[in-house]
Each structure stands twice: as C-alpha cells, then as structure tokens.
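Report on the structure
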Amino acid sequence: DNALKLLIIFVSVAICVLSVTGIVLFGFVPLIVIGGVGLYAGYFMLGFTVTEYEYAITNNDVDIDKITGKRSRKRLVSFKLSSVTDWGEYNENAGSDVDATVLASDNSGYNLWYVVANTERNGKVMLLFTPDRDTLETMNASVPYQLRKKFSEKTAEKEEESSTSDDNNE
C-alpha cells in the first residue's frame, strides 16, 4: 500500500514538473492544464488507497459496508443476529464449512473476531472483523442464547490496549 501511494505521488509530481519545464523551455502555456490534471488525478487516486469498514447493528440486523476513499460505499454482507450459528475470537479452526468469507479487518490479526451466519444472498458466511467492546456487547445480547459469550476482564484489557496503541499511533 505504501509503495502504491509513493508511486502515485511520484508520477503526479513528475507530470507537474515536466509540464512546468515545458512551459519554461518552450513557452507553451497550455501545459499548465496537464500539470494541474496530473496533480488532481494523483490526489483522486490516493483517495482510493484508504479503506474503512463500517459495522452497523440495528435491532437484530448487522450490515457491514466497505468505504473506499470516503467516496464509495459497498455493502459486503448483511445478516440477522438470530441467524448466527457460531462466533468468537478467531482461531484456525473457526468457520471451516462456510460458503463465503468476508474480511472486514485491518489485517493486523489483533483482536480479530469471527461470526458465522446464514444469509439470504450468500448462504453460510463467515465474517472476520475487529469490533470494539460496545459492538461485541451489542451483538452478544442478540445472538441465540446458547452462543452468548461471557466477557472477561482479559477481553476488556485487550480492548483498552488496542485503543491505547491506536491513540499512540496517531
């Protein structure tokens, strides 16, 4: 991702510099338009390198959206919490018999949770995501009773460490 960002910046700046050089050397002023378009195109393409995931829980419905560049929103999966068949902290054995997997995570592997649910559109789906404690508690209250989790102090400590490290990174 960082290499792609650097490449986009390099190409945009190179187009701008070549345009200004062309104006200075040849006096061809319309090249300024090409330089401006190059910079704007770079800015526009950099926006597509930023991806966010939004988890919306309303009543018994869960909607997971992927937001690219704060411009484009795409619904990844939607299901009812009453259709959840398994969920918990992710491990290698989780969700071995699913039809599809949806990754809505930061790929750090830290605080990764999974939910296996039956959906109308995609069949049996496993969602991998990194929820905060409030999201976990909201989901826990609505999943079938036999699947409810008991959150320990260890879970709360892991969540606090995660938010503290995120604050330090910013």
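Residues numbered from 1 in each chain as written. Predicted model: local features only at pLDDT ≥ 70, side-chain atom pairs only at ≥ 80, totals over all residues. Heavy atoms only, no water.

A few words now on the pairing of strand β3 (residues 72-80). Relative to β3, strand β2 (residues 61-68) runs antiparallel, the two being bridged by 8 bridges. The partner of Asp63 across the bridge, within β3, is Ser78. Hairpin remark: β2 followed by β3, antiparallel, with 3 residues in the connecting loop; positive phi at Gly69, about 60°. (Pairing = 2+ DSSP bridges. Helix = DSSP H or I, 4+ residues; strand = E, 2+ residues; numbered from the N terminus.)

In terms of nonpolar packing, the biggest core is built from 20 residues, with Phe79, Val84, Trp87, Val115 and Leu127 touching the most fellow members. Within the residue set of this core, elements represented by two or more residues are β2, β3, β4 (84-89), β5 (100-104), β6 (113-119), β7 (123-129) and α3 (133-142). Sequence-distant contacts of Val84, that is, excluding residues within four places in its chain, are made with Phe79, Val115, Val116, Ala117, Val143, Pro144 and Leu147. With 6 residues, the next largest nonpolar core counts Ala94, Leu112, Tyr114 and Met126 among its residues. (Core = buried A, V, L, I, M, F, W, Y, C linked by side-chain atoms within 4.5 Å. Buried < 20%, exposed > 50% of the residue type's maximum accessible area, 1.4 Å probe, protein only. Contact = heavy atoms within 4.5 Å.)

Here the focus is the confidence of the model for the chain. Here the chain averages 80 in pLDDT, while 86% of its residues score no lower than 70. Confidence, read as mean pLDDT per element, is least for helix α4 (residues 153-169) in the chain (50) and greatest for helix α1 (residues 2-26) (88). (pLDDT = per-residue confidence, 0-100.)

Take a nonpolar patch on the surface next. A contiguous nonpolar surface patch, about 550 Å² in accessible area, is contributed by Leu4, Leu7, Phe10, Val11, Ile15 and Ile34. Looking at the element boundaries, Ile34 is found in helix α2 (residues 31-47). Judged by its relative accessible area of 47%, Ile34 is partly exposed. (Patch = residues over 30% accessible without salt bridge, like charges linked within 9 Å, V, L, I, M, F, W, Y side chains within 5 Å. Areas by Shrake-Rupley, 256 points an atom, 1.4 Å probe, with all protein chains shown as cover. Salt bridge = Lys/Arg side-chain N within 4 Å of Asp/Glu carboxyl O.)

As a further point, take the sheet that holds strand β1 (residues 51-58). The 3 strands lie next to each other as β1-β2-β3, forming an open sheet whose pairing is antiparallel. With one partner strand each, in any of the chains shown, β1 and β3 form the two edges of the open sheet. Within the sheet, the average angular offset between the axes of one strand and its neighbour, ignoring direction, is 20°. (Axes fitted to C-alpha atoms, helices over the stretch in contact; angles between N-to-C directions.)

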